Amino acid sequence: MSNEEDLNIPQPDPTWDYYITWHKLFKAKVHLEKLIQYVGQFESEEVEINERIESDLFMITRYLQDVLPNIEHE
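Rules used throughout
Residues numbered from 1 in each chain as written. Predicted model: local features only at pLDDT ≥ 70, side-chain atom pairs only at ≥ 80, totals over all residues. Heavy atoms only, no water. Core = buried A, V, L, I, M, F, W, Y, C linked by side-chain atoms within 4.5 Å. Buried < 20%, exposed > 50% of the residue type's maximum accessible area, 1.4 Å probe, protein only. Helix = DSSP H or I, 4+ residues; strand = E, 2+ residues; numbered from the N terminus. Contact = heavy atoms within 4.5 Å. pLDDT = per-residue confidence, 0-100. Salt bridge = Lys/Arg side-chain N within 4 Å of Asp/Glu carboxyl O. Patch = residues over 30% accessible without salt bridge, like charges linked within 9 Å, V, L, I, M, F, W, Y side chains within 5 Å. Areas by Shrake-Rupley, 256 points an atom, 1.4 Å probe, with all protein chains shown as cover. Lys, Arg positive; Asp, Glu negative; His and termini not counted. Charge placed at Lys NZ, Arg CZ, Asp CG, Glu CD. Phe/Tyr/Trp six-rings, centres within 6.5 Å; stacked < 30°, edge-to-face > 60°. Lys NZ or Arg CZ within 6 Å of the ring centre and 35° of its normal.

Enquirer: Outline the nonpolar core, listing residues and values.
Expert: One broad rule of soluble globular proteins: the nonpolar side chains tend to lie buried together. Listed in full, the six residues of the largest apolar core are A28, L35, Y38, I49, I60 and Y63. Counting only elements with at least two residues in this core, the list comes to helix 2 (19-39) and helix 3 (47-72). Setting aside residues no more than four positions away along its own chain, I49 makes contact with Y38, F42 and S44.

Here's what the structure looks like:
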């Protein structure tokens, strides 16, 4: 069972043209929401927190960039 199913998020039909795009965007969204919750825990800026934020944002950006080639060809 996937995380989306655990959260009762409707799963689109895998034959849908935008299924892969949807899945990649959803994955980026989940990571962004986790990062927002993480940042919300802290009141003071710290080097370690900034490094984690930067690392997570880089990963989220990569997920979104991975969607771009699919959209450009559609």
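Next comes the rest of the account.
Enquirer: Give a detailed account of the confidence of the model for the protein chain, specifying residues and quantitative values.
Expert: Model confidence for the protein chain is summarised by a mean pLDDT of 84, while 81% of its residues fall at 70 or above. Highest mean pLDDT in the protein chain belongs to helix 2 (92); lowest belongs to helix 1 (residues 3-6) (54).

Enquirer: Quick one: what's the story with the pattern of salt bridges, residue by residue and with numbers?
Expert: Evaluation of the coordinates by the stated rule reveals three salt bridges. For E33, the salt bridge is made with K29, and the minimal N-O distance between the two is 2.9 Å. Of this pair, E33 and K29 both sit in helix 2, four residues apart, which is roughly one turn of that helix. According to the relative accessible area criterion, K29 is partly exposed, its value standing at 41%. Notably, a salt bridge pairs R52 with D56, separated by 3.1 Å at the nearest N-O pair. Of this pair, R52 and D56 both sit in helix 3, four residues apart, which is roughly one turn of the helix. Owing to a relative accessible area of 15%, D56 belongs among the buried residues under this scheme.

Enquirer: Please give an account of a nonpolar patch on the surface that cites residues and values.
Expert: There is a patch of nonpolar side chains on the surface, built from L32, I36 and L57 and spanning about 260 Å² of accessible area. Secondary-structure assignment places L32 in helix 2.

Enquirer: Provide a residue-level description of a negative patch on the surface, including the pertinent values.
Expert: On the surface, a cluster of negative charge is contributed by E46, E48, E51 and E54. A relative accessible area of 59% places E54 in the exposed class.

Enquirer: I'd like a rundown of the packing of aromatic side chains, residues and numbers included.
Expert: Taken as a whole and judged by the stated rule, the model has three aromatic pairs. Summarising the aromatic geometry, the rings of W16 and Y18 are spaced 6.1 Å apart at their centres and angled 65 degrees between planes, so their arrangement reads as edge-to-face. Using a relative accessible area of 42% as the deciding quantity, one classes Y18 as partly exposed. A centroid spacing of 5.0 Å and a plane angle of 70 degrees characterise the contact between Y38 and F42, whose relative ring orientation is edge-to-face. The ring of Y38 carries the charged tip of R52 above its face, separated from the ring centre by 3.9 Å.

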